[in-house]
Amino acid sequence: MGQKKCPHCGEWSTWTVNMNDLCEHCGKPLGGRDLEYHEIRERDTQANKEQWIFHIKEDDGPIMRGLKKTGNLFYTIYMAILTFLAWLIAILPG
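Residues numbered from 1 in each chain as written. Predicted model: local features only at pLDDT ≥ 70, side-chain atom pairs only at ≥ 80, totals over all residues. Heavy atoms only, no water.

1. A short note on the overall build of the protein
A tally of regular secondary structure across the protein gives two helices and two strands. Helices and strands in the protein line up, N terminus first, as β-β-α-α. Dimensions of the protein along its principal axes, counting C-alpha atoms only, are 55 × 50 × 20 Å. Looking at the protein as a whole, 13% of its 94 residues qualify as buried. Summing over all exposed atoms, the protein offers an accessible surface of approximately 7900 Å²; the carbon and sulfur share of this is 60%. One way to put it: in the protein the 11 positive side-chain charges average out to a point 5 Å from where the 12 negative ones average out. (Helix = DSSP H or I, 4+ residues; strand = E, 2+ residues; numbered from the N terminus. Buried < 20%, exposed > 50% of the residue type's maximum accessible area, 1.4 Å probe, protein only. Areas by Shrake-Rupley, 256 points an atom, 1.4 Å probe, with all protein chains shown as cover. Lys, Arg positive; Asp, Glu negative; His and termini not counted. Charge placed at Lys NZ, Arg CZ, Asp CG, Glu CD.)

2. Focus: the side chain of S13
Following the sequence through the fold, S13 ends up in strand β2 (residues 12-15). We classify S13 as buried; its relative accessible area is 0%. There is a polar contact of 3.2 Å between the side chain of S13 and the backbone nitrogen of E24. (Polar contact = N/O pair within 3.5 Å; in protein donor to acceptor, adjacent residues only side chain to side chain.)

3. Looking at the confidence of the model for the protein
Chain-level statistics for the protein give a pLDDT mean of 90 and a share of 100% at 70 or above. Between the elements of the protein, mean pLDDT differs from a low of 86, seen in strand β1 (residues 2-5), to a high of 96, seen in helix α2 (residues 62-91). (pLDDT = per-residue confidence, 0-100.)

4. Describing the pattern of salt bridges
Taken as a whole and judged by the stated rule, the model has one salt bridge. Across the pair D60 and K68 runs a salt bridge, and its minimum N-O distance is 2.9 Å. Just as D60 is buried, K68 falls in that class too. (Salt bridge = Lys/Arg side-chain N within 4 Å of Asp/Glu carboxyl O.)

5. What about the pairing of β2?
Pairing of β1 with β2, which is carried by four bridges, proceeds in the antiparallel orientation. Among the inter-strand pairings, G2 is bridged to a residue of β2, identified as W15. What sits between the antiparallel neighbours β1 and β2 is a turn of six residues, in which G10 has the positive phi angle 85°. (Pairing = 2+ DSSP bridges.)

6. A look at the side chain of D21
For D21, the location among the structural elements is in the loop between β2 and α1 (33-51). The buried charged residue D21 lacks any salt bridge, with K4 as its nearest oppositely charged partner at 8.7 Å. A distance of 2.7 Å separates the side chain of D21 from the side chain of T16, its partner in a polar contact. Not counting the four nearest positions on each side in its chain, D21 is found in contact with W15, T16, K28, P29 and L30. (Contact = heavy atoms within 4.5 Å.)

7. Some details on unusual backbone geometry
The backbone phi angle of V17 is positive, close to 60°, even though this residue is not glycine. Secondary-structure assignment places V17 in the loop between β2 and α1.

So, in structure tokens, the structure goes:
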């Protein structure tokens, strides 16, 4: 456990290395820019997952779920083959 200077009020508060810890003096989060960056990154990651062509939604039927799982399987196999070929090309020169 340590201390961190609050980016809002400038006072020192106890900090448990958690971005969501609150300042003891003003009650605002101690994360500052890191917390904003983390929230934006989580939002972008979730948006990317939902835009993925094989993303399984809760309202998908059983046939669509099966097709999307099959698509994910074939995509994974395809990427594994491409990765192996790239590794093979990189290792061949020596």
